[in-house]
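# Structural overview
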Amino acid sequence: YQDKWSEDSRKSQTFKAGIDYTPTKKSSFSLNAKYVPSTRLNYDTVHYKETTLLEIDEYDRLTQSNTDQSNLNIDFNADRDWDSGLHADLNINQSFNTRERDNLFVQTILMADSLELISSNYPTFEQLSTYREDSQFQSKLDFEFGNNENGKWEWGLSARTRSFDQNQFNNGDSTFIDNSALENHFIFEDEVFAAYFNFAKSFGLWSFQTGLRAEQFASESYLENTDSTYVLDYFKLYPSVYLNYSLDENTSLQASYSRRVNRPGFYSLNPFPEYSDPFNLRMGNPYLRPEFVNSFEFGYQKFDRGNTLSASIYAKDVNDLQRRFIRVDSNSVSTVTYLNFEGSLDIGLEFMWSKKVSKEFNFMLSSNVYYSKTDATNLTTDFDPTVLGMSGNFNFSWQKNGHKIQYSGWGMPGRNVGQGKMLTMFSSDLAYSRPIFSEMGKMTLKVSDVFNTRAFGIESYGPSFDQSFYSKRLSRYLSLTLSYKFGEQSKRRNTRRGNYGGTDAEDMGGGFY
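The following refers to the structure shown.

Thresholds applied
- Residues numbered from 1 in each chain as written.
- Predicted model: local features only at pLDDT ≥ 70, side-chain atom pairs only at ≥ 80, totals over all residues.
- Heavy atoms only, no water.
- 1 Å grid on protein atoms, 1.4 Å probe; cavity = no way out; pocket = protein on both sides within 12 Å on 5 of 7 lines; lining within 4 Å.
- Points joined across faces, edges and corners; volume = space filled by probe spheres on them.
- Helix = DSSP H or I, 4+ residues; strand = E, 2+ residues; numbered from the N terminus.
- Pairing = 2+ DSSP bridges.
- Axes fitted to C-alpha atoms, helices over the stretch in contact; angles between N-to-C directions.
- Salt bridge = Lys/Arg side-chain N within 4 Å of Asp/Glu carboxyl O.
- Buried < 20%, exposed > 50% of the residue type's maximum accessible area, 1.4 Å probe, protein only.
- Contact = heavy atoms within 4.5 Å.
- Polar contact = N/O pair within 3.5 Å; in protein donor to acceptor, adjacent residues only side chain to side chain.

### Details of empty space enclosed by the protein
Here the structure, examined in full by the defined rule, presents one cavity of 30 Å³ or more. Of the voids in this model, the largest cavity is the one considered here, and its volume is about 110 Å³. Lining the largest cavity are 14 residues; nearest its centre among them are Phe-188, Phe-217, Ser-219, Pro-264 and Leu-288. Those elements that place two or more of their residues in the lining of the largest cavity are strand S8 (184–203), strand S9 (206–223) and strand S10 (228–248). A total of three residues in the lining of the largest cavity trace back to one element, the largest contributor, which is S9.

### Points about the sheet that holds strand S15 (residues 322–328)
Within a sheet, neighbouring strands are paired by backbone hydrogen bonds and run either parallel or antiparallel to one another. Taken together, the three strands give an open sheet; going across it, the order is S12-S16-S15, and neighbouring strands pair in mixed fashion. Edge positions in the sheet fall to strand S12 (280–282) and S15, since each of these pairs with one other strand and no more. Across the sheet, the mean angle separating the axes of adjacent strands is 30° when strand polarity is ignored. Here three bridges tie S12 to strand S16 (residues 334–340), and the two strands are oriented parallel to one another. Each bridged residue has a counterpart across the sheet, and for Leu-281 the counterpart in S16 is Thr-335.

### As for the pattern of salt bridges
Within the structure shown, the criterion is met by 14 salt bridges. Its salt-bridge partner being Asp-429, residue Arg-454 comes within 3.0 Å of it at the nearest N-O pair. Placement of Arg-454 in the loop between strand S24 (441–448) and strand S25 (456–462) and of Asp-429 in strand S23 (residues 425–436) is noted, with a sequence separation of 25 residues between them. Residue Asp-429 is classed as buried on the basis of its relative accessible area of 17%. Overlapping salt bridges bring together Arg-160, Arg-162 and Asp-190 as one network.

### Observations concerning the environment of Glu-133
As for its placement among the helices and strands, Glu-133 is situated in strand S6 (residues 124–147). For Glu-133, a relative accessible area of 41% corresponds to the partly exposed category. A sequence separation of 102 residues divides Glu-133 from Phe-235, and the C-alpha atoms of the two residues are 28 Å apart. Once residues within four sequence positions are removed from consideration, Glu-133 is found in contact with Asn-97, Thr-98, Ser-163, Phe-164 and Asp-165. Within the structure, Glu-133 has its side chain in polar contact with the side chain of Tyr-131 (distance 3.0 Å).

Right under this line is the structure:
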């Protein structure tokens, strides 16, 4: 049995600078930069209680972590319109990130006897540090021409390169346990070059859009301890087709097919585990492959006088599915990592209903019910392949004369997860807002997790283990936010355009943290 509690504090500053230049009505440029340095102090205490036929042992393990990190992000955007109707968007982004973390581990024995008290092993001290550097460069050039009536074309090019370099080392002196065996160095680099086109057109009651993205991907990872290098290099095509049929001016049917890729993020690849709890390790897998998803969907939508109703049936065929997997060794050490399963088939129903009941009151309800069957035969036969799951969201809002009250939340009933069962989760928030300072400002008062139910729990089991895990953070709190506008901010055209399709899972979006 073990119990864990944590305290975490973080200090950060954000520095922003930018410039916009609009030489003509048909062209504009912007350059923005953001720098965020931060420090974090974290204390973790794990209490262990081991019961055998002969005795009961109790001890605590304290982890003190000091983290310094920084993020620099530079973003350039340009757009241009021509008299012919052609429009172009250019985006160039560069980010740099560093993170240095020092961990001190102290393990003490509770109810120690005299021999243990005078032993040089009581208490024990360990030290382990990591230093990480990340960078990403991304550029996109998108073009748009035409309209849906006569035919609308979109095409573009993109390039992205990333690098990730993390070093793990031991700084402890002779009074510390020797952790030199845990020292390691991991380097990961990847690059993606893509080109795409979309074409959309309407024919009376019918409209359609079709597209194709071609992508060349290459990655290389290196792990120093094993002196191993893993290389991926492939060219893939990602087609998409969308059809729409209008039953009347407010009601339509849709059908679609698309193929996409989910590439693992750095945390899924990082092979260095956290050692605050040496009996329960969580780590990434540097040999994790991307998963490829074929998606099919058929939907219904209706809009009518403040009332919106949508429902869709979908199916997803996933190859090389990425999922967490648990193994427990002979020393009762549990390791959770990411592995590639053969694949999965997901079938589900999504539903959303929003309604404006009156001028003051409106609500939104949504739900997703799904069935999933996973093929894990490449890893184990002790795996429950079927999952029947459900999730839901709600939002109720009332507003009058600038005053607004909103109650929102989400829920997910317990369900099987292959190697166990996830417990039911539910959380809701209540907020009140109103304008201040002659409507140039806004005050928001919010109660997060009203019923103090936001938690995560899972029961895991296999042929040689049976575990129960429950985590609860300080989630119910009251916050007051005051904001003030010094002027009107111009609304720029959205530059996220094009069928780049398979965006990376856990992508950085300009920064890793």
